[in-house]
Amino acid sequence: MFKFPTMPFGLFAAAVPIALRVDARRVQAAHPLIELVRLDGAAVLARLGVDGEGLSAAEVDERLARFGPNAVAQEKRLGVLAEIAHRFLFNPINVLLAILAVVSYLGDDAMGAAIMLAMVFMAVFLSYFQEARSGRAVEQLRSLVSNTATARRIPATEAVAEATVLPAIARRTEVPIERLVPGDVVHLSAGDMIPADLRLLAAKDLFINQAALTGESMPVEKFAPVDLEAASPLDARNLCFMGSNVVSGSATGVIVATGARTCFGELAGSLVGQRVQTSFDRGVQRFAWLMLRFMAVMVPLVFLANGLIKGAWLDAFMFAVAVSVGLTPEMLPMIVTINLAKGALAMAKKDVIVKRLNAIQNFGAIDVLCTDKTGTLTQDKVILERHVDVNGDEDERVLEFAFLNSHYQTGLKNLLDVAVIERVDADTRRRLQGEYTLVDEVPFDFSRRRMSVIVRDRAGRHFLIAKGAVAETLGICTRIRVGERETATDQRALADVRDVARDMNDDGFRVIALGVREIRAKAAYSIADEAELTLMGFVAFLDPPKDSAADAIRALHDNGVAVKILTGDNDIVTRNVCRQVGFEVERFLVGPQVEAMSDDELTIAARDTQVFARLNPAQKVRVIEALHRDGHVVGFMGDGINDGPALRAADVGISVDTAVDIAKEAADIILLEKSLMVLEEGVLEGRKVFGNILKYIKMTASSNFGNMFSVLGASVFLPFLPMAAVQILLNNLLYDFSQTSVASDDVDPEYLARPRQWDMRAITRFVLFIGPVSSIFDYATFALMWFVFKANAPEHAGLFQTGWFVESLLSQTLVVHVIRTGRMPFVGSRASLPLTITGLVICAIGALLPYSPLAGKFGFVPLPGAYWLYLTAIIGAYVLLTQFVKAWLIRRFGLL
């Protein structure tokens, strides 16, 4: 039996062709797959120990146990202990806190050590359990969307009844890709992902896109015969590889390698864990660097000020370290993950499945949505309404020839094929299947925009039946048939025929032309045989407009998302559908016009063009790139064979669960219901997730920035530390805990009303204005403790520190209610119940600590009763001034 090389697992990532193209040099002539290139199909099957008629369930289970699942795209997960250790060791803050905890414990500060360890525990364990729970939930959602392959499998009834003989077609079944094994025979058609490395047994006009492996920009034609000239597997014309996809044609092949043993698995092994950084990742990273820059300036100043003025350099160092920890938003990764996971779960309830969590932010940032009309503006329920001759009169022969074409084509049957087949009654189907048998086919591709089947009648005559777009099919017809009479085509006759098709287009029908030719029998047929056909007539389909389409488009527009239609259909039908749903079309472009434009011209034209029709896949990508150049965040919604490139080119690729494999693989978001209304709900949920993440960032950054000024000033003017290191750590621990429920908060409707993106200038501006406001009231508290309560000597440092600890914790916890909304807090907008409860609990803990048995361990002393009256005034003034500054910022610069 064929021996497979053992290679590490890789990452199924067609988005990294450059890295793979470099590594592809490792797939040399000595590779074991090269042996199969030089064997014929029967020898390959024998080498694999199969007969090509399908594997039984027992054989599949045995091969799965031997070779493992056909999964390359799975990163090896760390165990529980390894994951926890990784989170601890690879976070410098956690390591530093652990070291400081040991130092504090050795210095008889057991309470300080306990607090630091509690912070480590919360940062490591809480984030681990939250992310693990979220990860499991998201994986369950992803499992709702699966890719399958068409494989030959022996049914269980046949396995136990050897006398039963079924035709090969009866063994075709849809099998999850991860359950494919070496020896499985699979059938391929346009739009399919190549599910594993396979050796072709039969191929018909098969073109494969294998750019992810070789970098070749053009599809490669593949054949089944022996290839004696291939220098390496990737050069072989009779091998297809995981990571590529079928552009056009059809084929049958036997799987020779799965999972990590595929060429893709070998080449991608070094790429596990690597992925392209999204705008969301970059935004979080920029914020982290912003905070680090603040710390890099302020923490050394705090250290030097305390060391030089007070002379206690060790205390100054510990205090500076505690300040740096207090200024670090160490809970940000956990907050981000919780928000994204919660958003994914909420979107799932609205039939939106998130394949990649970080796509949620881009989903909310979309300001242009490009989509096909089918299934979004229309019901995606195609009905064959008319079958007419070239004069527009009903003709049953047109329907019969259309049925033969749709029934016998072996590629992907689209909605039009299904509508044709369903229109023919059962008796007629049986008669036609008895009179005609399939001989060959010329599969569909997007340059010809048609497909043909060759059938043989009982008399042995061969007929080529072509069905496709009107313009492309008329181009290969030289005669026209009306009734029993055939005439040669001329310009006048062609003009009359086009008028018939155009009239049906104007009535909202999608029109397909049908041509037939009796053809000489031969071994194989090709595109060259699609010539000198007789035009039989047209089949006209109706995809009724959706009742909800107009409301959905209006809702998206009201939420700041412009809708543009990108379709391969003709412009007449598309504009007719748009008119029926109230979608205003001021300007439209068709594929040839797009092709003739330069990039700059297309960028300008795309601004006010609502409909792009008769587009091929490359032209769809050009339109999306033009919108990118104009500064838009673009979402693309597609489910067809030709949508894969556009889905990858968009900021967010959106597909549906019923889409072809290549579309689902390329998409970031999968809709369980193909509806613009569902999409609008998903967009709003994405904005809500981003809004809650931004709330935490604004709260934490402004509070931390204000604390910097407070600590720096107090360090210069006070003869003692304004707050003990352990108190700073406790303050930070309690505040961080109060913010863990921010993911449950509501977001104001006006914030959701338009797309939101990372804006570091706006965040910095917010921090620079709101942060110093907190410092004003910190200094007011300093003055209160110094002058009113006479805590102005080292022996009264405990009272001073306790007073500022309570004021700092309560003020920054309560001001969250101001910062979280652009409205008037408590009246115009209220925080969620979980966020309110956690805030009140933390405030209560902070207020009671000075009077608790734990007070002495933290260096707290009881506060005088009058303090609480002053504190109420300070916090009230702080809330009012923060609201005033926030309102001014919104009036001046708009919502952040």
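Structure's up top.
A few points on the structure.

What counts and how
Residues numbered from 1 in each chain as written. Predicted model: local features only at pLDDT ≥ 70, side-chain atom pairs only at ≥ 80, totals over all residues. Heavy atoms only, no water. Helix = DSSP H or I, 4+ residues; strand = E, 2+ residues; numbered from the N terminus. Buried < 20%, exposed > 50% of the residue type's maximum accessible area, 1.4 Å probe, protein only. Contact = heavy atoms within 4.5 Å. Areas by Shrake-Rupley, 256 points an atom, 1.4 Å probe, with all protein chains shown as cover. Pairing = 2+ DSSP bridges. Axes fitted to C-alpha atoms, helices over the stretch in contact; angles between N-to-C directions. Polar contact = N/O pair within 3.5 Å; in protein donor to acceptor, adjacent residues only side chain to side chain. Salt bridge = Lys/Arg side-chain N within 4 Å of Asp/Glu carboxyl O. Arc of directions from axis to C-beta. Expected span 1.5 Å × (residues − 1).

Looking only at helices and strands, the chain has 35 helices and 23 strands in total. Every one of the 896 residues in the chain was classed for burial, and the buried ones make up 57%. Of the contacts formed within the chain by residues at least 6 apart in sequence, a portion of 76% connects residues at least 24 apart. Surface summary for the chain: the accessible area is close to 37,200 Å², and the carbon and sulfur share equals 59%.

All right, on to the sheet that holds strand S19 (residues 588-590) then. Pairing is mixed in the open sheet, where eight strands are placed in the order S8-S23-S22-S21-S9-S18-S20-S19. Both outer strands of the open sheet, strand S8 (352-354) and S19, are each paired with one neighbouring strand and no more. Averaged over all adjacent pairs, the angle separating strand axes in this sheet is 20°, with direction ignored. Pairing between strand S9 (residues 368-371) and strand S18 (residues 562-566): four bridges, direction parallel. Directly across from Thr371, in S18, lies its bridge partner Ile565. Where helix H21 (residues 571-580) meets the sheet, its contacts fall on S18, S19 and strand S20 (611-613), and the angle it forms with S20 comes to roughly 150°.

Before going further, it helps to examine the environment of Ala667. Looking at the secondary structure, you find Ala667 in the loop between helix H26 (661-666) and strand S23 (669-671). Sequence spacing of Ala667 and Ala646 is 21 residues, and the spatial spacing of their C-alpha atoms is 9.7 Å.

With respect to the helices and strands, Asp440 occurs in strand S11 (residues 437-445). There is a polar contact of 2.8 Å between the side chain of Asp440 and the side chain of Lys204. Once you skip the residues sitting within four places of it in the chain, Asp440 turns out to touch Lys204, Val453, Ile454, Ala524 and Tyr525.

A few words on the pattern of salt bridges. Tallying each qualifying case throughout the model produces 30 salt bridges. Linking Arg449 and Glu472 is a salt bridge whose minimum nitrogen-to-oxygen distance equals 3.6 Å. One end of the pair, Arg449, is in the loop between S11 and strand S12 (450-456); the other, Glu472, is in helix H18 (residues 470-474), and 23 residues separate them in sequence. Glu472 gets classed as partly exposed once you look at its relative accessible area, which sits at 22%. Of the charged contacts, one joins Arg622 and Asp599 as a salt bridge, the two residues approaching to 3.0 Å between their closest N and O atoms. Here the residue Arg622 occupies a position in helix H24 (residues 617-629), and Asp599 occupies one in helix H23 (residues 599-607), the gap between them amounting to 23 residues. Note on Asp599: relative accessible area 40%, which makes it partly exposed.

Three or more residues of helix H5 (residues 80-89) are buried, namely Glu83, Ile84 and Arg87. One side of H5 carries all its buried residues, which in axial view fall inside an arc of 95°. In this structure, H5 carries Leu81 and Leu89 as exposed residues pointing more than 90 degrees from its buried face.

In this section: helix H33 (residues 833-848). In this model, H33 (16 residues) spans 22 Å end to end at C-alpha, consistent with the 22 Å of a helix rising 1.5 Å per residue. All buried positions along H33 are accounted for by Leu835, Thr838, Gly839, Ile842, Cys843, Gly846 and Ala847. Buried residues of H33, viewed axially, fall in a sector of 165°; they line one side. Summarising the geometry of H33, the exposed residues directed more than 90 degrees from the buried face are Leu833, Leu840 and Leu848.

Take the environment of Phe223 next. Structurally, Phe223 is set in the loop between strand S5 (220-222) and strand S6 (239-240). Of the residues examined, Phe223 reaches a relative accessible area of 41% and is grouped as partly exposed. Once the C-alpha coordinates of Phe223 and Leu239 are considered, the two residues, 16 residues apart in sequence, prove to be 8.4 Å apart. Contact partners of Phe223, with chain neighbours within four places excluded, come to Leu200, Ala203, Arg237 and Asn238.

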